[in-house]
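# Report on the structure
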Amino acid sequence: MPASGPVTRNTLRQQIADALRDEVLAGRLRPGQEFTVKQIADQYGVSATPVREALVDLAAQSLLDCDHHRGFRVREISVADFRGMVEARSLITDGLFRKLVAGGWSGACADVLMAIRRRADEAARAARAGDLDIFIGYDLRFWRELGALIDNPHISGFLHQLRLRCWVFSVPYLRGDPSLRARMWNDHSEVVDAVTRGDAEAVRAVIAAYHAQMLAWADRLESGERSERPQQ
């Protein structure tokens with residue numbers, strides 16, 4: 001956990017939280033897996049206090065469950081929970097992109113969109129290479145930076161947490177069948193193009209199709225057809 005400046009308890013707390021989040025997204029900490037503060041502190045060679053704070057932070061983000069007698073465990077997300085999160089994302093992002101397109105773009109926003117486009121290009125390269133870890137990182141960054149354009153941290157933060165939890169749900173399926181990675185959703189550039197043009201209908205069409213694919217995958221899971229994957 002390299003630090004970019006002086007290591008304080010708060011920066012250590014964030015570094016530990018980030019490292020554990022990456023472990024969950026990488027599938028090395030699996031749904032239902034239990035661990036204690038002491039185990040994590042020993043693993044990273046740090047004191048218990050920042051570890052406990054980091055774990056509480058991740059529990060607040062609904063990535064972990066806390067049992068005061070047994071410690072922490074990675075949250076197990078059901079198909080119904082996944083569907084509910086996708087539906088919430090669909091409703092919120094529809095309003096978000098309406099606002100983005102209606103607001104127009106200044107020169108500063110154009111510069112930001114150029115940076116976001118680079119995230120889209122990197123996500124596309126990772127998808128072609130089948131590198132799931134890199135793809136997840138750029139996908140999360142792409143949506144977080146795009147959502148931040150509305151300048152409402154409550155909305156962008158909530159959407160980011162929903163997306164994290166959707167990935168936590170999806171990762172075990174992807175790890176279990178690497179061939180499914182070839183079908184990772186990869187229309188990030190289409191979203192940026194449509195937003196840049198101010199084409200509200202194109203934006204909504206791409207996002208609606210994206211969420212429809214995920215909901216259809218959830219339906220197949222519930223019916224017992226587990227040979228498919230969610231379009232992340």
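See the structure printed just above.
The rules behind the values
Residues numbered from 1 in each chain as written. Predicted model: local features only at pLDDT ≥ 70, side-chain atom pairs only at ≥ 80, totals over all residues. Heavy atoms only, no water. 1 Å grid on protein atoms, 1.4 Å probe; cavity = no way out; pocket = protein on both sides within 12 Å on 5 of 7 lines; lining within 4 Å. Points joined across faces, edges and corners; volume = space filled by probe spheres on them. Helix = DSSP H or I, 4+ residues; strand = E, 2+ residues; numbered from the N terminus. Nonpolar A, V, L, I, M, F, W, Y, C, P; charged D, E, K, R; others polar. Phe/Tyr/Trp six-rings, centres within 6.5 Å; stacked < 30°, edge-to-face > 60°. Buried < 20%, exposed > 50% of the residue type's maximum accessible area, 1.4 Å probe, protein only. Core = buried A, V, L, I, M, F, W, Y, C linked by side-chain atoms within 4.5 Å. Contact = heavy atoms within 4.5 Å. Pairing = 2+ DSSP bridges. Axes fitted to C-alpha atoms, helices over the stretch in contact; angles between N-to-C directions. Salt bridge = Lys/Arg side-chain N within 4 Å of Asp/Glu carboxyl O.

Take the layout of surface pockets next. In this model, the largest pocket occupies a volume close to 360 Å³. Residue lining of the largest pocket: 16 residues in total, with Arg21, Asp22, Leu25, Leu140 and Leu164 positioned closest to the centre. The leading source of residues in the lining of the largest pocket is helix H6 (residues 132-147), at six residues. Residues that form the lining of the largest pocket fall into these classes: five nonpolar, four polar and seven charged.

Taken as a whole, this structure holds 10 aromatic pairs when the rule is applied. Look at Trp143 and Tyr210: their rings are 6.0 Å apart centre to centre, the planes differ by 15°, and that puts the pair in the stacked class. Separated by 67 residues along the polypeptide, Trp143 in helix H6 and Tyr210 in helix H9 (residues 200-222) bring together distant segments of the chain. Judged by relative accessible area, which is 13%, Trp143 ranks as buried. Here Phe169 and Tyr173 contribute two aromatic rings whose centre-to-centre distance is 5.5 Å and whose plane-to-plane angle is 45°, an arrangement assigned as tilted. On the criterion of helical spacing, the pair formed by Phe169 and Tyr173 is a turn pair, its members being four residues apart in helix H7 (residues 153-176). Its relative accessible area of 4% is what places Phe169 among the buried residues. Tyr173 gets classed as partly exposed once you look at its relative accessible area, which sits at 22%. Feature note: the residues Phe82, Phe169, Tyr173 and Trp217 constitute an aromatic cluster, connected by ring pairs.

A general trend in soluble globular proteins is that nonpolar side chains are found buried together. Core analysis: the biggest nonpolar cluster contains 65 residues, and Phe97, Trp143, Leu146, Trp167 and Val191 have the highest contact counts within it. Excluding residues that lie within four positions of it along the chain, Val191 makes contacts with Phe97, Phe142, Trp143, Leu146, Trp185, Val203, Val206 and Ile207.

A few words on the sheet that holds strand S2 (residues 64-67). Strand order in the open sheet formed by three strands is S1-S3-S2, with antiparallel pairing between adjacent strands. Each edge of the sheet is formed by a strand with only one pairing partner; in this case those strands are strand S1 (34-35) and S2. Bridge count between S2 and strand S3 (residues 71-74): four bridges; the pairing is antiparallel. Within S3, the residue paired with Leu64 across the bridge is Val74. Helix H3 (residues 48-60) contacts S1, S2 and S3 of the sheet and is inclined by roughly 120° relative to S2.

Moving on to the pattern of salt bridges. Here the structure, examined in full by the defined rule, presents 16 salt bridges. For the salt bridge of Arg70 with Glu34, the shortest nitrogen-to-oxygen distance reads 3.1 Å. Highlighted residues: Arg70 in the loop between S2 and S3 and Glu34 in strand S1, separated in sequence by 36 residues. Judged by its relative accessible area of 54%, Arg70 falls in the exposed class. Glu145 is paired through a salt bridge with Arg141; the nearest N and O atoms lie 3.0 Å apart. Pair noted here: Glu145 and Arg141 are both in helix H6, with a separation of four residues, about one helical turn. With a relative accessible area of 23%, Glu145 lands in the partly exposed category. Judged by its relative accessible area of 42%, Arg141 is partly exposed. Several salt bridges converge on common partners, so that one network encompasses Arg83, Asp219 and Glu222.

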